[in-house]
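Survey of secondary and tertiary structure
Here are the chains, one letter per residue:
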Amino acid sequence: MTPLSLSSGDLVADRRAAYAEMLCEAGDVAAAADLLREAVALAPGWAAGWYRLGETMLLAGRIAEAAEAWSAVLRLDPADRLGASLRLAEAGLMPPVDAPPSAFVETLFDQYAAGFDDALVGRLGYRVPELIERAIRATGRTAHAHAVDLGCGTGLLGERLRATASFLEGIDISAAMLRRAEAKRLYDRLTRADLQMLAADRAAADLVTAADVFMYVGALDRLVAAVAAMLVPGGLFAFSVEKHDGPEPVFLRPSRRYAHSAGHLRGLLGGAGFAVLSLETAPIRRDRGETLLGLIVVAERLAPAAAAPGGHAHAPCRPALRPLQ
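Residues numbered from 1 in each chain as written. Predicted model: local features only at pLDDT ≥ 70, side-chain atom pairs only at ≥ 80, totals over all residues. Heavy atoms only, no water.

Let's shift gears to the side chain of Ser278. Following the sequence through the fold, Ser278 ends up in strand E8 (residues 274-287). A relative accessible area of 18% means that Ser278 is categorised as buried. Dropping the residues within four chain positions of it, Ser278 is found in contact with Ile296, Val297 and Val298. (Helix = DSSP H or I, 4+ residues; strand = E, 2+ residues; numbered from the N terminus. Buried < 20%, exposed > 50% of the residue type's maximum accessible area, 1.4 Å probe, protein only. Contact = heavy atoms within 4.5 Å.)

Now the structure itself:
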C-alpha cells in the first residue's frame, strides 16, 4: 500500500493548513475552515487536507460542506485510509457503517506502532491485558495447548499469555505492529491478516483472545463464528469491548470506535455455540481525560450436540520462532 502523505506537497498549502490549525485551536473555527478550503484549492489531490477540512467544517456547523469534503476524500482514496466513511456515518450524513474500512484500521495502527506501548500503558492507563488474564485465570484454566491472540498488536497481551501457552499465535492487520511483536520474541507464529476476513478451516485452539480489538471491527457476527470454528469444544474465548448502555446493539462513537452492549454480546455468543462464563464491567483506560468503561468477557465453546465423545486435542510441538513473511 502506498504510504499516506499528511503533507500536500505544496509549501503554500501546507503553511495555510498549519495556520488554520492555529486558528482552530484558538476557537476561530469559521476562519480555520475558510483557510483550509484555500489550502485544498491549491492542492486538490490532498486527501488528508480534505479530511481535515471536513472535520473543521463540522466544528463550524457547516454540515453540507463537511459532507462535501469527506466525499472528496473517498473519491481521492477509495480504500478510505483516513476513515472518511466513518465520519460521514457518525455525523448522520450517510447510512450507518457496520465495520470500519480495513485500510483505515491498518493505516491507523501502522502510524501508532512506534509509540503504542508507551502511549497506552504510560499515558492512558491501559488495563485490558491484565483484566483479560485475570478473567481467564478465574475459570481455573492455567495452561493452554494453542492460544491465538487476535489483533495482537505489539504483544501487550502476549506478554501475559506466554507463560501459560505451549503454542502462542498472533494475528494482526498492521505490519508495523507485527514487527514490534516479533522483536519481543513472544509468539511462535505471527500472521498478517484482516480479522474482518478471518476464516478457520479446523478447530485447533483451546484459547482465543482479543484485547481492545473489537472496537475496530464493528459488527462481530462473522468474526465470532470464525472464532467458534477455531476452538476445540471446551476452548475459551476471552475479549474486551467498549461498553454501550444505549438501545443499539452496536454504536459508532465520535472516536470512530465501536461500542457494544452486554445483551447483544450474550445473544451473539449464545447463537454461535458459546456459554458465557463471565461478563464484567471494568475501567479499561482513559480517553480524553475521562475513564472509559469496557466489558471483559470469557465464553466457553460448547460441544456440538451430535459430536461423538473423544479425547482432548494434543498440544502441538512448539517450533522455533520464525521471521515474518
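Still more to cover.
All right, on to empty space enclosed by the protein then. Which parts of space are left empty comes out when a probe the size of a water molecule is rolled across the atoms. For the structure on display, the rule yields one cavity of 30 Å³ or more. Along its surface, the largest cavity is lined by Glu133, Ile136, Arg137, Arg141, Thr142, His144, Arg160, Leu161 and Thr164. Elements that contribute at least two residues to the lining of the largest cavity include exactly helix H8 (128-138) and helix H9 (158-161). The element contributing the most residues to the lining of the largest cavity is H8, with three residues. Class assignment for the residues of the lining of the largest cavity results in two nonpolar, three polar and four charged. (1 Å grid on protein atoms, 1.4 Å probe; cavity = no way out; pocket = protein on both sides within 12 Å on 5 of 7 lines; lining within 4 Å. Points joined across faces, edges and corners; volume = space filled by probe spheres on them. Nonpolar A, V, L, I, M, F, W, Y, C, P; charged D, E, K, R; others polar.)

A separate point is the pattern of salt bridges. Following the criterion strictly, the structure yields 24 salt bridges and no others. When the shortest N-O distance is used, the salt bridge between Glu106 and Arg192 registers 2.3 Å. Of the two residues, Glu106 is situated in helix H6 (residues 102-112) and Arg192 in strand E3 (residues 189-192); the sequence distance between them amounts to 86 residues. Judged by its relative accessible area of 11%, Glu106 falls in the buried class. Note that Arg141 is salt-bridged to Glu300, the shortest N-O span being 3.4 Å. Taken together, the positions of Arg141 in the loop between H8 and strand E1 (144-150) and Glu300 in strand E9 (residues 290-301) put the pair 159 residues apart, joining distant regions of the chain. Because the salt bridges share partners, they merge into one network encompassing Asp212, Glu242, Arg253, Arg257, Arg285 and Asp287. (Salt bridge = Lys/Arg side-chain N within 4 Å of Asp/Glu carboxyl O.)

Counting 44 residues, the largest nonpolar core has Phe109, Ile132, Ile136, Tyr187 and Ile296 as the members making the most contacts within it. By size, the runner-up hydrophobic cluster in this structure holds 30 residues, among which are Val208, Phe239, Leu269 and Leu279. (Core = buried A, V, L, I, M, F, W, Y, C linked by side-chain atoms within 4.5 Å.)

On to the packing of helix H3 (residues 47-59) against helix H4 (residues 63-76), then. Between H3 and H4, whose axes approach to 8 Å, the crossing angle comes to 160°. It follows that H3 is roughly antiparallel to H4 by the angle criterion. The chirality of how H3 crosses H4 is left-handed. Taking contact as the criterion, the partners of Ala47, Trp50, Tyr51, Leu53, Gly54, Glu55, Met57 and Leu58 in H3 are, on H4, Ile63, Glu65, Ala66, Ala69, Trp70, Ala72, Val73 and Leu76. Considered class by class, the residues forming the contact of H3 with H4 number 13 nonpolar, one polar and two charged. (Axes fitted to C-alpha atoms, helices over the stretch in contact; angles between N-to-C directions. Parallel < 35°, antiparallel > 145°, perpendicular 65-115°, else oblique. Left-handed = near helix turned anticlockwise from the far one by under 90°.)

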